[in-house]
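Here are the chains, one letter per residue:
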Amino acid sequence: MGESDYGCVIDQMRLSDDVPWTLPVLLQVEEGPDAKDGDELLLRSEEGAPAAVIGYEGTFRIDKKEYASKVFGTEDQAHPGVAKVYSSTGLAVSGRLKVVGRQDPGTYAEYTLSPKETRVLFAEKGWQTVVAFQTRNAPHINHEYLQKSALALVDGLFVNPVLGKKKPGDFKDEVIVDAYKALIGQYYPRNSVVMSVLHYEMQYAGPKEAIMHAIMRKNFGCTHIIIGRDHAGVGNYYRPYAAQEIFGEFPDLGIAPMFFREFYYCTKCAGIASEKTCPHGEEDRLNFSGTKLRKMFGEGEVPPKEFMRPEVAQAILAHRQPFVE
Amino acid sequence: MPTKYTTVSIPQPLHAKIEKLIAKKRGFKSVSDYVTYVLREVVAMHETKEVPEPFTSTDVEEIKQRLKALGYL
Ligand SMILES: [Zn+2]
């Protein structure tokens, strides 16, 4: 992303050609390349493999404080996205992408579909409407209800877990994949759901990242995306439903959000409920914090079936160390 | 780099109607804001209809083979 797009994105949440775009995508470098305007540069992955070719258009400096406050709404370095910006070089390369190579999907080649592939797949399945579910977690019962509530309104569900760099305490990539395989295999009709993974690094930008998540899923051919509570948030930086409100500013996204309140198991209702359907208090909700859940799994304990499907819990327990350290 | 703006003309009575409308609605700071919103919505609707799928029939056959091999089809 060049300087003019960068400026438009942080100020207007759009590229310079008016396309909705809420997060900068920058190629930051230690020092500018020894090249002149118009030269072609080959970009390599961390492993050294050729990844893309860009037409070089110069470099520009970013104001990290401005980036943090405009994009993340905070300059607090305890925010992982802000910390990443502050630790970056601040020198960005401008250029036009000319060739993009296919990313090496690593160990998940068989679960990695490109947008072209998912579009063909959805068409082959005869799905006119497809709802995407973004996740970075192993599925709890409440996630399953969220997905199935949305699925009731469309032809197909696209479960699209994010794999890649994560925070300590998050489930490892392989655990998320295995947990979803267990859930989908046992509890979803085969012709209503597709799972493929997305190699992407979360930025925890809350509402603004929710818009990018929607754009990515539109590219995969989805017509809808589920936006629940605190989508792409971290800590208490964003209001619980800020990621739903922001969609009101984008009438031209080309993918429709489906908003849901949080689901939970209510002991008084004796079933899965949400704030919209259940009058009972928080004390009646079956809930486990991330810390509690990590402790349970650490001790080989299985959470109650009202919280997590036993097959999912077993798939998690099959990993000796299911969490990122 | 700030976005550049240009002016379009709309009938004054319509402008007055929109002013009244947005006074009651939250979220729109000005008539220009409102008009931009509505136009983006309308233009996007037309654009979505016009976009062809980004692949040829040969692509589709190759993709179907891979999807079958992976068990997706
Ligand atoms: Zn209840």
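Residues numbered from 1 in each chain as written. Chains lettered and ligands numbered in written order. Predicted model: local features only at pLDDT ≥ 70, side-chain atom pairs only at ≥ 80, totals over all residues. Heavy atoms only, no water.

Trainee: Outline the sheet that holds strand E1 (residues 27–28) of chain A, supporting the account with residue identities and numerical values.
Mentor: Residue and element names in this part refer to chain A. As summarised here, the arrangement of the four strands in space is E1-E4-E3-E2, forming an open sheet in which the pairing is antiparallel. The sheet is open, and its two edges are formed by E1 and strand E2 (40–44), each paired on a single side. Sheet analysis places E1 next to strand E4 (residues 91–100), joined by two bridges and oriented antiparallel. Directly across from Gln-28, in E4, lies its bridge partner Ala-92. (Pairing = 2+ DSSP bridges. Helix = DSSP H or I, 4+ residues; strand = E, 2+ residues; numbered from the N terminus.)

Trainee: Talk me through the coordination of the zinc ion; I want residue IDs and the actual numbers.
Mentor: Residues and elements named next belong to chain A. The protein atoms donating to the zinc ion are Cys-266 (SG), Cys-269 (SG), Cys-278 (SG) and His-280 (ND1), with metal-donor distances spanning 2.1 to 2.4 Å. Considering all four donor atoms around the zinc ion, the spread of angles at the metal, 100 to 117°, places the coordination shape in the tetrahedral class. Each donor residue of the zinc ion lies on the same chain, and together they follow the pattern C-x2-C-x8-C-x1-H. Highlighted residues: Cys-269 in the loop between strand E11 (263–266) and strand E12 (271–274) and His-280 in the loop between E12 and strand E13 (285–286), separated in sequence by 11 residues. Residue classification places His-280 among the partly exposed residues on the basis of a relative accessible area of 25%. (Donors = N, O, S within 2.8 Å, 3.2 Å for Na, K, Ca; no water. Tetrahedral: all angles 85-135°; square planar, octahedral: opposite > 155°, others 65-115°. Buried < 20%, exposed > 50% of the residue type's maximum accessible area, 1.4 Å probe, protein only.)

Trainee: Run through the pattern of salt bridges, naming residues and quoting values.
Mentor: Evaluation of the coordinates by the stated rule reveals 24 salt bridges over all chains. Residue Asp-18 of chain A pairs with Arg-14 of chain A through a salt bridge whose shortest N-O separation is 3.9 Å. The partner of Glu-124 of chain A in a salt bridge is Lys-64 of chain B, and the shortest N-O contact between them spans 3.3 Å. Of this pair, Glu-124 of chain A sits in helix H4 (residues 115–124) while Lys-64 of chain B sits in helix H3 (residues 57–69), each in a different chain. Through salt bridges with shared partners, one network takes in Arg-14, Asp-18 and Asp-252 of chain A together with Arg-40 of chain B. (Salt bridge = Lys/Arg side-chain N within 4 Å of Asp/Glu carboxyl O.)

Honestly, that's just the spatial picture; any functional story needs more than this.
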